Amino acid sequence: MESALTARDRVGVQDFVLLENHTSEAAFIENLRKRFKENLIYTYIGSVLVSVNPYKDLEIYTKNHMERYRGINFYEVSPHIYAVSDNSYRSMRTERKDQCILISGESGAGKTEASKKILQYYAVTCPASDQVETVKDRLLQSNPVLEAFGNAKTLRNDNSSRFGKYMDIQFDFKGAPVGGHILNYLLEKSRVVHQNHGERNFHIFYQLIEGGEEDLLRRLGLERNPQQYQYLVKGNCPKVSSINDRSDWKVVRKALSVIGFSEDEVEELLNIIASVLHLGNIQYGGEDSGNAYITTDTQIKYLARLLGVDGLVLKEALTHKKIIAKGEELKSPLNLEQASSARDALSKAVYGRTFTWLVNKINVSLAYKNASVIGLLDIYGFEVFQHNSFEQFCINYCNEKLQQLFIELTLKSEQDEYEAEGITWEPVQYFNNKIICDLVEEKFKGIISILDEECLRPGDASDITFLEKLENTVGGHAHLTTHKLTDGKTRKVMGREEFRLLHYAGEVNYNVNGFLDKNNDLLFRNLKEVMCMSDNKILTQCFDRAELKDSRRPETAATQFKTSLAKLMEILMSKEPSYVRCIKPNDAKQAGRFDEVLIRHQVKYLGLMENLRVRRAGFAYRRHYETFLQRYKSLCPETWPSWQGKLADGVSTLVKHLGYKPEEYKLGRSKIFIRFPKTLFATEDALETRKHSLGERESHVSHAVVVQAWWKGILACRRARRRREAANTIRRFIKGFIYRHNERCPENEYFLDYVRYSFLMKLRRNLPKTVLDKSWPTPPTALIEASERLRKLYMQNMVWGYCKKINPEWKHQLEQKMVASEIFKNKKDNYPQSVPKLFVGTRLNGEEINPKVLQSLGSEKMKYAVPVTKYDRKGYKARPRQLLLTSNSAVIVEEAKLKQRIDYAALKGISVSSLSDGVFVLHVPTEDKKQKGDVVLQSDHIIETLTKVAICADKVNSININQGSITFTMGQGREGIIDFTSGSELLVAKAKNGHLSVVSRNNGGI
Ligand SMILES: Nc1ncnc2c1ncn2[C@@H]1O[C@H](COP(=O)(O)OP(=O)(O)O)[C@@H](O)[C@H]1O
Ligand SMILES: [Mg+2]
C-alpha cells in the first residue's frame, strides 16, 4: 500500500481512511473514479473492501496473483479480493477463530462473482489431497447448479441471484477445504409465474429447452421453443446474447453428477421442472363470475405422468377449494381468477420447495464434521426501485440487520485494538440503527407483527387495512411515515398506498399492494394433498403428509424470514467478519462507464460514508513500528541507516525529528497511530525528496543492502525450514497418537518408532542395579514381548556376573543359607531375622572347650560348637551345656564331662516349634539303653545350630516343625510334653500340668 502512496494524485488513495476530507461524499466518489479509470477496482475502508464491477475481464485473477497474495500482510500489496480471502484464511488458521466474509451490494454489483473468486482462491491455494479434490470439485460445482435454479436474467444483471446465500466452507486441521454447508434465503418464487418486461424466468427452464436431448424432451412432453410456455413469455425475452443456454445446460448436467446426483434423481428433478412449465400452460374456461374449468387436457395428462399423481384428482384440485369447517370438509368451486392464482401458487410452491430440496441435497454431498469455517454471505444489498414491495421490505430489513452487526463488530474491534495498544478509547458518534430494526421486528408492535396480525385476523383484512393499522400503531415513529401522516412536501412524492421507512441508508417508499398475499403465501389444502400423494421421490420429501395433519396455520413469510435472519445473525456473530461492498458503475453493464449519479446512490445505500466515519473516528493510519521505521528511517539522522535500540524509541525519535505535534499521533504498544492523513502525506513527500538526494549514496548502500538482503533471506529460509520441519514432526506425532492402536502403517510409523526409542532410552537409564532389584520400566503395548525378553536376558546376565564373583567361603555360606531356607522358610517365625546374619564356623573356639573333652573326642573332627541350655528330665531344670558337632555325632558336654553322645545314625529326628523360641528336641531311639531318652535343648542361634546339625548329620528332611506342642520320650517309656505359646517375654519353665511351657517372644533368639 505504501508503495502506491506516491502515485496518489493519479490513482487516488488505496484506503479511504487516507482521504483528507473523509466526510465529503464528493471526495469519496472522486477517489473511486480515479481508481476506476486506472482499472483499479478495489479500494479499502480500513479492512472493508470496496469493489466496483469492471464489466470486463481484468488480468488480475491469475494463479500468479493468487500466489502474490498468499501469506502477505493486508497492507503490503494493492487491495484485492484475494487479500481479504487470504487474511480470513490466515486468521482462521492462526487464531483458530471461525471467519465470515459478508458480501453486499445491489443486483449486478458483482457479489456472486466475488464469492466465486474467493472460493477459487481457496480451491487453488489451500493444501489438498485426493479426497479433498472431490470436495473442492463439489464446492465449485455447487455454483452452476444453484445458479441454474436460483438465478435469472433481470434488467440489472444477466445472471442475477434471486435468493440470498450463506455458504460455510469447512477446513480440516491441515487447512484443506473438506466440506461445506449452504443456507438459502427468500427465493424470489414470484418469478416462476411472472417476469417483468426484459427479464426471464430462472435459467434452468431455458437450459432444459435449449440443451435437453431430443429423447429427454419427448419424455417430458416439451417442445424446443420457449415461446410455447406461458411462464416463459411474460418478459418477452427468451434469448440473451451474453447467455448460452445450451452450453450452460451441459455444465449443469456435469455439475449435478459431480455433486453426486444419481440418474434417477436428475430425471425426477427434471420431471418437476417440466411440470411447472405444463402447469403454466393450463388454461381455464368459464365466465368471470362463474366456475372455472380446465380446457387443456394434454397438460393434465403430462402432469399426471410427470408428477406421478391421479389426473382427475389434480384437475379437481386445480378448480376447487377444500375447506374444513367445524370438522366437516367442504368443497367449493373456484372462479377463473381464483383458479389461476391457485395454479400459480402450486407452481411457486413446487418450485420453491424443490429449490430448498436441492440445497439440502448439495449440503449432504458436502457434509463434514468438526471443521474450522469461513462463511461467505452473498446477499441482496439495499434495494430501492420506483415501486418497492414486500420483497424490498424484507431485503432492506435484512440490510438493516447486517448494518447493526457491522456497527457492533467494527466498533468492538476498533475498541479492542485501542485497548490492546494501551490507547484510551474515545467514544465515536454514529447513528445506531437498532431503532429501525426494532420498528420492523419488535414483538406485538413491530411492522412484521402488525402485518401478521392482519393476515391472521378474521374479517375483511386487506392491504389497506394493514396500512391503516400501521398508521394507528406506529404512526408516530420517527422513522416511519405514510401519505396521510406526512407533510405536504413529502406527500407529493408518495402514493396513497405507500408507507415510507427512513432506513439508515436513506428513505424508501413501500407500496402495500400484495403485502398480505405475499406474506400469507398460501397453498390450498387440496393442492397440498395431491402433492403429498405424488410418486415423485423429490416431491414426497418436499410435501410431507405431517403438514396436512397440522391444523396450525403455517408461519407467515415475513416471520419465517425474521427467524432465519435471527439465526443468520447468530451465525455471523460467532465469527470474525470481513466485508466486501460491491458497487455497480452503470446500468448498461458496460465496461469503463462511471455513472456518478448511480454510484452516489449506492455509496449512500451501502452506508459507505457511515462505514468510513466509524473507521476514521479515531486515527486514519496505523502501522507496526517496524514497518513504519523501515519505510521512513532515512528521514532522521539518528535512525539512518539503522536504529539499534527499541523500535518504539526509534519511531518516537523519528516523529519528533519530523516535527509531529502531540495531537497528531499516539504511540501504542506495538503500533504508531496517526490521526490525520495530511501528516502521513507530508512524511511521504519528505521521503520522495530524500530519495533523490540519497540517490548517489544509495547506489553504494544498495549493494550492501542487496548482500544483506540475500543473507537475511538465507537465514529466513533456514528458520522457515526448521519451523516447517518442527510443525511436520508435531503433526506426524499427533496423527501417530491417533492411530497408535492400529497395525503399523504410514500414519503411525513415526510415532511407534519414537515410542520404542524413548522406551529403550528410559530403560537404559533405569536398569536394575542388583540381582535383588526387581524394578523394570513399564513397556508400551507394542514392546511388551520384547521388554519381557530383555528383562530375562538382563537378569540372566546379572546373575551370571554375580555368580562369577562368588569365592569358596561365600559359596559355603550360601549353601548353608540355602539349607536353612529349605528347612525354615515360611515355617518358623524367627527365620526371617536370621537371613541377613551370616552363619559362623563355630560359636566356641578351642580355648572355650575343655581340653579333656577334646582329648576324649580323639581323632574325631570338630565341626561346630555352640553353648546351649539343657532342660533335664526331672523338673526341667535349665543347665548350661555345650553342643559339639563332630563328623560322626552330636555331643553334649558339661565342662570337662562328656555327658551324652548321639551318633548321627541314631538320631531319629529333631523337633522344633514354629514360633520364635530357641528350644529343640533331639530324638533318640527309646530302645537304646545307652541313651537316657530324648534331649531338650535351647540355643540362642537356633536356625544356625539346627542347620549345622542337619548338614553334619545329613538330616535335612528329619527336622519337624510343630505347631502348639512337642511330645518326646523321657526314658523308661515315659513321655514329656512341651507346650509352645507366644507372649511378651521368653520364658521356659515347668507348668502346673507337668508340661514344659515355652513362651516365645516375637523377636526371640535365633
Ligand atoms: N470482478 C469482476 N470482473 C469482471 N466482471 C465482473 C466482475 N464482477 C462482476 N462482473 C460482471 O458482472 C456481472 C454481474 O455480477 P454478479 O456477481 O452476478 O452480480 P450480483 O451477484 O451482485 O448480482 C457478472 O456476470 C460479470 O459479467
Ligand atoms: Mg448474485
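- Where an unreviewed UniProt entry is consulted, the protein appears under the name Unconventional myosin-Ic, with the organism given as Oncorhynchus kisutch.

## Structural notes on the UniProt feature "binding site: ATP" (unreviewed entry) in the protein
- Under the feature "binding site: ATP" (unreviewed entry), the UniProt entry names Gly105, Glu106, Ser107, Gly108, Ala109, Gly110, Lys111 and Thr112.
- On the secondary structure map, glycine 108 appears in the loop between β3 (99-105) and α6 (111-125).
- What glycine 108 contacts, discounting residues up to four positions off in sequence, is Asn53, Tyr55, Arg156, Asn157 and Lys584.
- Position of threonine 112 among the secondary structure elements: in helix α6.
- Excluding anything up to four places from it in sequence, threonine 112 contacts Glu147, Ser161 and Asp378.

## Describing the nonpolar core
- Tyr122, Phe149, Phe205 and Leu318 are the most contacted members of the largest nonpolar core, which has 108 residues in total.
- In terms of residue count, the dominant contributor to this core is helix α15 (residues 336-366) (13 residues).
- With sequence-adjacent residues up to four places away left out, leucine 318 is seen in contact with Leu279, Ile282, Tyr284, Ile294, Ile300, Leu334, Ala339, Arg343, Leu346 and Leu527.
- One finds Tyr605, Leu608, Tyr621 and Leu680 within the second-largest nonpolar core, a separate group that totals 88 residues.

## What about the coordination of the magnesium ion (ligand 2)?
- Within the first shell, the magnesium ion (ligand 2) binds the protein through Thr112 (OG1) and Ser161 (OG), at distances of 2.0 Å. One end of the pair, threonine 112, is in helix α6; the other, serine 161, is in strand β5 (residues 160-161), and 49 residues separate them in sequence. When sorted by exposure, threonine 112 lands in the same class as serine 161, which is buried.

## Description of helix α8 (residues 203-211)
- Counting buried positions along α8 yields nine of nine residues, so the element is predominantly enclosed.
- Taken as a whole, α8 has its buried residues at His203, Ile204, Phe205, Tyr206, Gln207, Leu208, Ile209, Glu210 and Gly211.

## Describing helix α17 (residues 434-441)
- Of all the positions in α17, only Ile436, Cys437, Leu439, Val440 and Glu441 are classed as buried.
- At its buried positions, α17 is contacted by α16 (390-421), α18 (447-456), α19 (463-474), β13 (480-482), β14 (498-503) and α25 (557-573).

## Quick notes on the packing of α8 against helix α11 (residues 245-259)
- Relative to each other, α8 and α11 sit at 100°, their axes nearing to 8 Å. By the angle class used here, α8 and α11 are roughly perpendicular. Residues Ile204, Tyr206, Gln207, Leu208, Glu210 and Gly211 of α8 form the contact with α11, whose participating residues are Asp245, Arg246, Asp248, Trp249 and Val252.
- Taken together, the residues of the contact of α8 with α11 sort by class into five nonpolar, two polar and four charged.

## Overview of the site of ligand 1
- For ligand 1, the set of nearby residues contains 16 residues, the closest of which are Asn53, Gly108, Lys111, Thr112 and Glu113.
- Here asparagine 53 contributes a side-chain N or O atom positioned 2.8 Å from an oxygen atom of ligand 1.
- Within the side chain of tyrosine 61, one N or O atom sits 3.0 Å away from a nitrogen atom of ligand 1.
- In isolation ligand 1 has 560 Å² of accessible area, and contact with the protein removes 84% of it.
- The element contributing the most residues to the shell around ligand 1 is α6, with three residues.

## A word on unusual backbone geometry
- Backbone torsion omega between tryptophan 640 and proline 641 reads 0°, so that peptide bond is classified as cis.
- Considering the arrangement of structural elements, one finds proline 641 in the loop between α28 (625-632) and α29 (647-658).
- Although it is not a glycine, asparagine 236 sits at a positive phi angle of roughly 50°.
- In this fold, asparagine 236 is placed in the loop between α10 (230-233) and α11.
- On the accessibility criterion, asparagine 236 (54% relative accessible area) is exposed.

## Quick word on a nonpolar patch on the surface
- A cluster of nonpolar side chains, contributed by Val706, Trp710, Trp711, Ile714 and Leu715, occupies part of the molecular surface with about 510 Å² of accessible area.
- When you line up the elements, tryptophan 711 lands in helix α30 (residues 677-738).
- Take tryptophan 711: its relative accessible area is 46%, and that puts it in the partly exposed class.

## What to know about the packing of aromatic side chains
- All chains considered together, the criterion is met by 33 aromatic pairs.
- When the ring of tyrosine 69 is compared with that of tyrosine 82, the centres are 6.4 Å apart and the planes differ by 70°; the resulting orientation is edge-to-face. With tyrosine 69 in helix α4 (residues 63-69) and tyrosine 82 in helix α5 (residues 81-95), the pair connects residues that are 13 residues apart, well separated along the chain.
- Look at tyrosine 82 and you get buried, because its relative accessible area is 0%.
- On the numbers, 5.1 Å between centres and 25° between planes, the contact of tyrosine 82 with tyrosine 121 is stacked.

## Topic: the sheet that holds strand β26 (residues 935-939)
- Overall, mixed pairing links the eight strands, which are arranged β23-β22-β21-β20-β26-β25-β24-β27 in an open sheet. Two strands close off the open sheet at either side, each with one partner strand: β23 (897-903) and β27 (959-962). If you compare each strand with its neighbour and ignore which way they point, the axes differ by 30° on average.
- Here nine bridges tie strand β20 (residues 862-871) to strand β21 (residues 878-886), and the two strands are oriented antiparallel to one another. By the bridge assignment, alanine 865 is partnered in β21 with leucine 884.

## With respect to the environment of glycine 659
- Mapped onto the elements of the fold, glycine 659 is located in the loop between α29 and β18 (665-667).
- Residue classification places glycine 659 among the partly exposed residues on the basis of a relative accessible area of 46%.
- In the structure, glycine 659 is positioned 535 residues away from valine 124 in sequence and 48 Å away in space, judged by C-alpha atoms.

## A few points about a positive patch on the surface
- Side chains of Arg718, Arg719, Arg721, Arg722, Arg723 and Arg724 sit close together on the surface and give a patch of like positive charge.
- Judged by relative accessible area, which is 55%, arginine 722 ranks as exposed.

## Considering the pairing of strand β16 (residues 576-583)
- Here β16 lies mainly inside the structure; six of its eight residues are buried.
- When strand β2 (residues 48-52) meets β16, the two strands line up parallel, connected through five bridges. In the strand pairing of β16, valine 50 is matched with arginine 581.
- Across seven bridges, the pairing between β3 and β16 is parallel. Looking at the pairing, isoleucine 101 lines up with serine 578 of β16.

## Details of the side chain of serine 389
- Among the secondary structure elements, serine 389 is positioned in the loop between β12 (372-378) and α16.
- The residues touching serine 389, leaving out its near neighbours within four places in the chain, are Tyr510, Asn511, Asn513, Phe515 and Lys518.

## Things to note about the environment of serine 634
- Mapping serine 634 onto the fold places it in the loop between α28 and α29.
- Placed 53 residues apart in sequence, serine 634 and leucine 687 show a C-alpha to C-alpha distance of 7.7 Å.

## What to know about the sheet that holds strand β30 (residues 987-990)
- Ordered by their spatial adjacency, four strands build an open sheet running β28-β29-β31-β30, and the pairing between neighbours is mixed. Pairing within the sheet leaves two strands with one partner each, and these edge strands are β28 (965-971) and β30. Shown here is a sheet whose adjacent strand axes are inclined to one another by a mean of 20°, direction ignored.

## Describing the pattern of salt bridges
- Under the criterion given, the structure shown has 57 salt bridges.
- In this structure, glutamate 454 engages lysine 469 in a salt bridge whose closest nitrogen and oxygen atoms are separated by 3.4 Å. With glutamate 454 in helix α18 and lysine 469 in helix α19, the pair connects residues that are 15 residues apart, well separated along the chain.
- Among the residues examined, glutamate 454 registers a relative accessible area of 3% and is labelled buried.
- Linked through salt bridges whose partners overlap, the residues forming this network are Glu25, Glu30, Arg33, Glu596 and Arg600.

Thresholds, definitions, all that
- Residue positions are given per chain, counting from 1 as you read along its sequence in written order.
- The naming scheme follows written order: chains are lettered A onward, ligands numbered 1 onward.
- Confidence filtering applies because this is a predicted model: local features only for residues at pLDDT of at least 70, side-chain atom pairs given and counted only at 80 or more, and all residues used for totals across whole chains, interfaces and linings.
- The side-chain numbers reported here are obtained from all heavy atoms of the structure, hydrogens and water having been left aside.
- UniProt positions are given in the numbering used here, feature names are shortened, and annotations may be inferred rather than shown by experiment.
- The helix count covers DSSP runs of H or I at least four residues long, the strand count covers runs of E at least two residues long, and both are numbered beginning at the N terminus.
- Note on contacts: a residue pair qualifies if any of its non-hydrogen atoms lie within 4.5 Å across the two residues.
- We define a nonpolar core as any set of buried Ala, Val, Leu, Ile, Met, Phe, Trp, Tyr and Cys residues linked to one another through side-chain atoms lying within 4.5 Å.
- Remark: exposure states derive from per-residue accessible area (1.4 Å probe, protein chains only) relative to the maximum for the residue type, with buried under 20%, exposed over 50%, and partly exposed in between.
- Any nitrogen, oxygen or sulfur atom within 2.8 Å of a metal ion counts as a donor, with the limit raised to 3.2 Å for Na, K and Ca, and since water is left out, coordination shells can look unfinished.
- Angles here are taken between N-to-C directions and fall from 0 to 180 degrees, while the axes themselves are lines fitted to C-alpha atoms, restricted in helices to the stretch in contact.
- Note on terminology: angles under 35 degrees are roughly parallel, angles over 145 are roughly antiparallel, angles of 65 to 115 are roughly perpendicular, and the others are oblique.
- Under the scheme applied here, ten amino acids are nonpolar (Ala, Val, Leu, Ile, Met, Phe, Trp, Tyr, Cys and Pro), four are charged (Asp, Glu, Lys and Arg), and all others, including Gly, are polar.
- Proximity is defined per residue: any heavy atom of the residue falling within 4 Å of a molecule or strand makes that residue near it.
- Whenever two N or O atoms come within 3.5 Å, that pair is a polar contact, provided that in protein one can donate a hydrogen and the other can accept it, and provided that, for residues adjacent in sequence, both atoms are side-chain atoms.
- In this description, accessible areas are obtained by the Shrake-Rupley approach with a 1.4 Å probe, and a residue is regarded as covered only by the protein chains that are shown.
- The patches reported here contain residues having more than 30% relative accessible area and no salt bridge. Joining distances are 9 Å for like charges and 5 Å for nonpolar side chains (Val, Leu, Ile, Met, Phe, Trp, Tyr).
- Definition used for salt bridges: Asp or Glu carboxyl oxygen within 4 Å of a side-chain nitrogen of Lys or Arg.
- The rule is short: rings of Phe, Tyr and Trp, with Trp giving its six-membered ring, pair when the centres are within 6.5 Å, and they are stacked under 30 degrees, edge-to-face over 60, tilted in between.
- DSSP bridges decide pairing: two strands pair if at least two such bridges lie between them.
- Two residue types count as positive, namely Lys and Arg, and two as negative, namely Asp and Glu; His and chain ends fall outside the count.
- All charge positions are set by atom: Lys at NZ, Arg at CZ, Asp at CG, Glu at CD.

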